[in-house]
Amino acid sequence: MSDSSPETEGALVDEIRWVEDGTRVALTLDESIYPMDAIYGAAYLFVDRCYVFLSREGDRMVEVRLKPKGESSSAALQALAGELANELLNQVLRVRIGDSTRKIREYYMARAFFSTSTQSSIDQLLAELDQEELAEDELEIQVPWETGGAGGG
Amino acid sequence: MINSGTIRLEHPRLDADALGPFRFGRIAGKVLLTHDTGEWHFLSEEDFQALLAGQLTIGHPEQPALVAKGFLREGMDAEAVAERFRRKKRWLGMGPHLHVVITTLRCNQACKYCHASRTDMDRVDTDMSLETARKVVDAALQSPSPYIAFEYQGGEPTVNFDVIRFMVQYSREKNRYENKTVEHSLVTNMTTMTEEIGEWLLANDVLLCTSLDGPKHVHDWNRPHTGSTSGTYDQVMHWIQWFNRRYVEMGRDPNLWHVDALMTTTRKSVENWKEIIDLYVSLGIRNIYLRPLNPFGFITKTWKQVGNDMPEFMAFYEEALDYIIELNRQGVQIIEGNAAIFLKKMLTPDDPNFVDIRSPIGAGTGQIAYNYDGRIFPSDEGRMIDAMGNPMFELGRLGELSIGDAIRHPTVRSMAVASLLDSLPQCSECWNAPYCGVRPLHNYMQGKDLFGQRPNTPKCKQHMGIARLLFERLAADSDGSLDRIFQRWTIQRPRETAPGPATND
Amino acid sequence: MEAELALHRSLYDAEAVRDLLPQYQGVATIRVDEAEHELRLSFTEIDPDVAPMLVDHFCNHVLVETVTRRNQSLATLSGGAR
């Protein structure tokens, strides 16, 4: 389990649980704190040194298991867990900064390569994406109740 | 025995809406921020936390630079950022400028690491015909690029010198109507050079590049004649000195006109790195390009004998780079080629458009390789994989495939997708992304997969290793003296008759 | 030699798993049962030379492929910018 406490002056403090058996170490992560992109990004960085395995431990819980390719020890495995945890922190930052700055980045990339106004094309792209999402939404969970789909309320 | 515990992680305060887009990494005890435009900035860990929290505001000494470089949103000039980004990527859509021509596969040497897949000297069937050579020129000049560089390779390209002579003359004639800047460079082992050929090359401004792996005992061990243990060092030295003397006699600036040399780093080179650099300096060569071995051609059979792994290469590279920097401090004009490519991306508003270190890679869109038999490949590496018995990367044949078809070929698109750093795991978030490039065909050679597994890729270790070394050195440059040296490494003065060299490794 | 492996569908790309199978034809026979939440793989006739690390190696391979495909689709959706 991953225990998190409410933000302390804006900073979140989290405790990640690890278990090691001398050959592998497993960390259990809460997806609401560590989005899948961050977990994937961190796990990927270890494939040169470790065999990496992901398993689902609950609704929002993911276990990342690292098994070093060479000889290992308890101390080395615990250090590895610390390394993965630090990398997860970095990856969470990258995901959040990436999400927040995506529009700016799209703007200057579009401006760099197309001299005409780009706003309309971005609006058009967003509208197309919305349409695609709706088309793929077989359960109609995105259809507002007022206009059909699941009734009640 | 099972142990368990918890790791306490304090997530930094984050006001993401105050930030511009950036990547970050930790180098030399500091946090390095990098931007798509190539801008970068070092912060202390404390200032980095303040930046993330949105507390690095007006009045903070780092704030003006962070705004100007696009790392802070408040006050950012998005139009200026777009303009810088456009300038960095201005080669996009320009079309292939580097045209590698394999005039023959014949070669009189049997180098231990040969990448080129040679044949014996009696195999005249591996010579390019004049008819094919004409089609190469016709195709290359169809490229939308305003700058065309023909690079003659082999085998030993001068063994089929008539084709080189024809292509230089025919391209000059044809270019009267195209008005492009056309440059020719010859990659030769110098063993079949004569004064007659040499004078013709000089008179026609053909740039020269040879292989010099170091002092005699290193060079001759790496590069023996076919069927013999005798090497080619004496011939190479004679011709480098002959050409360089003739350039001076012709009144050419030796800073711009001289024989360039490439060295390939074998186990023997690593043991003798200092001697190699001293030799290059003594010959007046201004650019030493420290290259690791590539996983192509003959080397795949001899790796155990001559090969070195990437950590070993990088240890060698670091020592050699520091020595070259020290020579520069003493007034010696010599640069390291890889470092110069990265520095141009880091320290100038431009990109050198080096086809192998860019995103996406230049295979098919910045470079085309023409085999002796008229078959077209997106890069010389694709041609080398073909020579190893795998025709997967052949795009088509001269006369049947236009350059436009080549650029739009599904194989070229696949290589572009597999080398677009923004879409690759690890690369998309890496601090080195603005300066780096991946090599899909190296990945393919390693694991039959164009995408590869980044942490397992030697090129990733090499490129990140080089960029990290450069940033570490810059972080420690308290008096700006190294910055002045590195700035010099990025300057490319045009020659009187042709622009700077464009080669690939 | 034989081995079993369960990959959760929310964590591993099922198509990537299927696409990788041909690469392992020479070293093992791999059967995939696609359950609602899991892909259950059974490895039989494993080449003894690779047996000790085959399943671990396969896990890394399919993780890399899953992440690569996920990044490609995200880049496509956001026009190259993540």
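For clarity, every value in this text was computed on a predicted model and none was experimentally measured.

Novice: Help me out: how do you make sense of the packing of helix H10 (residues 273–282) of chain B against helix H12 (residues 310–329) of chain B in this one?
Specialist: Helix packing for two helices is described by the angle between their axes and how far apart those axes are. Residues and elements named next belong to chain B. Relative to each other, H10 and H12 sit at 40 degrees, their axes nearing to 10 Å. H12 is crossed by H10, and the crossing has right-handed handedness. Facing H10, whose interface residues are Trp273, Lys274, Ile277 and Val281, H12 presents Phe316, Glu319, Ala320, Tyr323, Ile324 and Leu327. Classifying every residue of the contact of H10 with H12 by side-chain character gives eight nonpolar, no polar and two charged.

Novice: What am I meant to see in the interface of chain A and chain B here?
Specialist: Interface extent is often summarised as the accessible area lost during association of the parts. On the side of chain B, 33 residues touch chain A, which itself brings 38 residues to the contact. When residues of the side of chain A that touches chain B are traced back to their parent elements, those giving at least two are strand S2 (11–20), helix H1 (36–44) and helix H2 (74–113) of chain A. In terms of residue count, the dominant contributor to the side of chain A that touches chain B is H2(A) (20 residues). In the side of chain A that touches chain B, the residues fall into 21 nonpolar, seven polar and 10 charged.

Novice: I keep staring at unusual backbone geometry and nothing clicks. Help me out?
Specialist: Trans is the prevailing form of peptide bonds, just as negative phi is the prevailing case for residues other than glycine. All names here are of chain B. In this structure, Gly155 follows Gly154 across a cis peptide bond, with omega equal to 25 degrees. Examined against the element boundaries, Gly155 turns out to sit in the loop between strand S6 (147–153) and helix H5 (161–178). The backbone phi angle of Asn179 is positive, close to 60 degrees, even though this residue is not glycine. By secondary structure assignment, the location of Asn179 is in the loop between H5 and strand S7 (181–188). Classification of Asn179 as exposed rests on a count of 8 C-beta atoms within 10 Å. Unusually for a residue other than glycine, Lys448 sits at a positive phi of about 55 degrees.

Novice: What's the story with the domain arrangement of chain B in this structure? I'm lost.
Specialist: Residues and elements named next belong to chain B. For chain B, the assigned domains read domain 1 (16–88) and domain 2 (98–370). Measuring from the centre of the C-alpha atoms in domain 1 to the corresponding centre in domain 2 gives 39 Å. With five residues of domain 1 at the interface, the matching set in domain 2 holds five residues. Looking at the side of domain 1 that touches domain 2, the element that brings in the most residues is helix H3 (residues 78–88), giving three residues. Taken together, the residues of the side of domain 1 that touches domain 2 sort by class into one nonpolar, one polar and three charged.

Novice: How should the environment of Lys459(B) be read in this particular structure?
Specialist: All names here are of chain B. Note that Lys459 resides in helix H18 (residues 458–475). Judged by C-beta crowding, with 21 C-beta atoms within 10 Å, Lys459 ranks as buried. Taking the C-alpha atoms as reference points, Lys459 and Met392, separated by 67 residues in sequence, lie 22 Å from one another. Beyond its immediate stretch of four places on either side in the chain, Lys459 contacts Val438, Arg439 and His442.

Novice: Before we go on, may I ask you to explain the sheet that holds strand S3 (residues 38–44) of chain C in this structure?
Specialist: Pairing between the strands of a sheet is mediated by backbone hydrogen bonds and can be parallel or antiparallel. Residue and element names in this part refer to chain C. The sheet built from three strands is open, its strands ordered S1-S3-S2 with antiparallel pairing. In this open sheet, the two strands that pair with only one neighbour each are strand S1 (3–8) and strand S2 (29–34). Between one strand and the next, the sheet's axes are offset by a mean angle of 20 degrees, whatever the strand orientation. Pairing geometry for S1 and S3, over six bridges, is antiparallel. Each bridged residue has a counterpart across the sheet, and for Ala6 the counterpart in S3 is Arg40.

About the criteria used
- Residues numbered from 1 in each chain as written.
- Chains lettered and ligands numbered in written order.
- Predicted model: local features only at pLDDT ≥ 70, side-chain atom pairs only at ≥ 80, totals over all residues.
- Axes fitted to C-alpha atoms, helices over the stretch in contact; angles between N-to-C directions.
- Helix = DSSP H or I, 4+ residues; strand = E, 2+ residues; numbered from the N terminus.
- Left-handed = near helix turned anticlockwise from the far one by under 90°.
- Contact = placed C-beta atoms within 7 Å.
- Nonpolar A, V, L, I, M, F, W, Y, C, P; charged D, E, K, R; others polar.
- Buried ≥ 20, exposed ≤ 12 C-beta atoms within 10 Å, placed from the backbone.
- Domains from an automatic or database assignment.
- Pairing = 2+ DSSP bridges.

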